Amino acid sequence: MGPAGQMEQHYFLGRVESVRGLAALCVALYHGQLVLSLPGDDPLYSAGLAGLAGVQAVLAKCLLIPFNGPGAVALFFVISGWVLGLSLDRRSSGFLTDSARFLLQRVLRIYPAFFVALLIITAGVAVLAPHPPYAGASQWFNTWYRQPLSISEVFANLVFLDTGMNNVTWTLRVELEMAVLFPLLHLLSRRLALVANVLALGLFAGLCAVLPDPSTLKWAFAFYAGLLLPQWGPWFATTIRTSAVGAGPWMAAMLVVFGAVRSVSLQTSLEWAIPLVEILSGAMLLACVVHWSDQRWLAWLDSAAVRKVGRISYSFYVLNFFVLYVWGLLFLALVPGATLAAAPLLWNSVIGVVACCSSLPLAAWSYRWIERPWIECGRRWTRGKADSAPRVELARAA
């Protein structure tokens, strides 16, 4: 690969990294809006916009449109499909050997930071629990960490038999279980013709529509959509950019669909279609963001600050939930209940932002001392035949 190709590869990874960082912030701010109870509906996350009664609940649900946490998780899976597929494209040691190396690399990529986060949660709950439910907290918030953890609970979470100690752990289990199937999906996507790939994508879409959320196969649709992005992503981005409507309006429309579909479709007959729409619109957004390098209004995604957030986003993702919980407890304990009850939407926003700001330095520490060393170990231990391109962190997407 020449200098121009290396520069293009670096640019591609930078844009994907930035998008992943923004998605992690969306998940964190989404959780922040669920800390305090809102008049009109509780729990907020499972309510549709049309079914809300209180003004603050409606405003909070509208605020969750740009910070669509579940949609951001679906986007994580699409990113994994895209980036990990490109990583497997570079391997040429045989299917079984490449699959084994890929799986080991994924385990070493995901597990160390998760393990450290779980140790922090275990120590924190040992100090904080037991405690009674807080009157001003939401039902969702009051379900977490009220009782001391047993050894069996900690062990079950360590081996992903249970995901109850960290609200985001179920997505890591999906990533690890999909890592077993992913080389086969990658092989299919690269061997099948266009029509066959469309049929395969339709099959996975059907599974996504009917299977429950914890099911790993439900999210195979997102991974497969990501796998197909190298084939149709450039075409789609070019078609949209050169259309009569223009890049800006199309981007705005895709953002609205991606963010709003959950809020308007929950508790309706179309609820089954929510993940399908989020995955497809997320894949389209990702293709455009990455391939629209000539759009100046997207240049902020290439800034050092945004790239930095993307680089540490996995550690941020696994640490932020417990950090948010601790800050929620502090606000509930120190701020008078009447003050919190007067403006829960405002206080939820404050708690969410404070938790994000607190999580970023912890995530930077985890990335430097936990993630990066184990990523390098994974590379060394799984090094095999590949093309002459320089090694870059293709497997960062969690």
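A brief structural summary. (Residues numbered from 1 in each chain as written. Predicted model: local features only at pLDDT ≥ 70, side-chain atom pairs only at ≥ 80, totals over all residues. Heavy atoms only, no water.)

1. A short note on helix α12 (residues 304-311)
For α12, the full list of buried residues reads Val306, Arg307 and Gly310. Down the axis, α12 shows its buried residues gathered within 100° of arc, on one side only. Exposed side of α12, more than 90 degrees from the buried face: Ala304 and Ala305 are the residues found there. (Buried < 20%, exposed > 50% of the residue type's maximum accessible area, 1.4 Å probe, protein only. Helix = DSSP H or I, 4+ residues; strand = E, 2+ residues; numbered from the N terminus. Arc of directions from axis to C-beta.)

2. Looking at the environment of alanine 341
Within the element layout of this structure, alanine 341 appears in helix α14 (residues 337-342). By relative accessible area, which is 55% here, alanine 341 ends up exposed. The spatial distance from the C-alpha of alanine 341 to the C-alpha of phenylalanine 204 is 44 Å, given a sequence separation of 137 residues.

3. Some thoughts on the layout of surface pockets
Each pocket or cavity is described by its volume, and for the largest pocket that value is around 740 Å³. Taken together, 30 residues form the lining of the largest pocket, with Tyr45, Pro70, Trp170, Asp213 and Arg262 sitting closest to its centre. Elements with a minimum of two residues in the lining of the largest pocket: α1 (3-32), α3 (69-89), α7 (169-191) and α11 (274-291). Split by residue class, the lining of the largest pocket holds 18 nonpolar, seven polar and five charged. Its boundaries defined by the atoms lining it, the second largest pocket holds a volume of some 490 Å³. Lining the second largest pocket we find 22 residues, and of these Leu22, Cys26, Leu255, Phe258 and Leu285 sit closest to its centre. (1 Å grid on protein atoms, 1.4 Å probe; cavity = no way out; pocket = protein on both sides within 12 Å on 5 of 7 lines; lining within 4 Å. Points joined across faces, edges and corners; volume = space filled by probe spheres on them. Nonpolar A, V, L, I, M, F, W, Y, C, P; charged D, E, K, R; others polar.)

4. Details of the packing of α3 against α11
Viewed as axis vectors pointing N to C, α3 and α11 meet at an angle of 60°, and their least axial separation amounts to 9 Å. With respect to their mutual orientation, α3 and α11 come out oblique. Seen from above, α3 lies across α11 with right-handed handedness. Contacts between α3 and α11 pair Pro70, Gly71, Ala74, Leu75, Val78, Ile79 and Trp82 from the former with Glu278, Ile279, Gly282, Ala283, Leu286, Ala287, Val290 and His291 from the latter. Residue classes in the contact of α3 with α11 are distributed as eleven nonpolar, three polar and one charged. (Axes fitted to C-alpha atoms, helices over the stretch in contact; angles between N-to-C directions. Parallel < 35°, antiparallel > 145°, perpendicular 65-115°, else oblique. Left-handed = near helix turned anticlockwise from the far one by under 90°. Contact = heavy atoms within 4.5 Å.)

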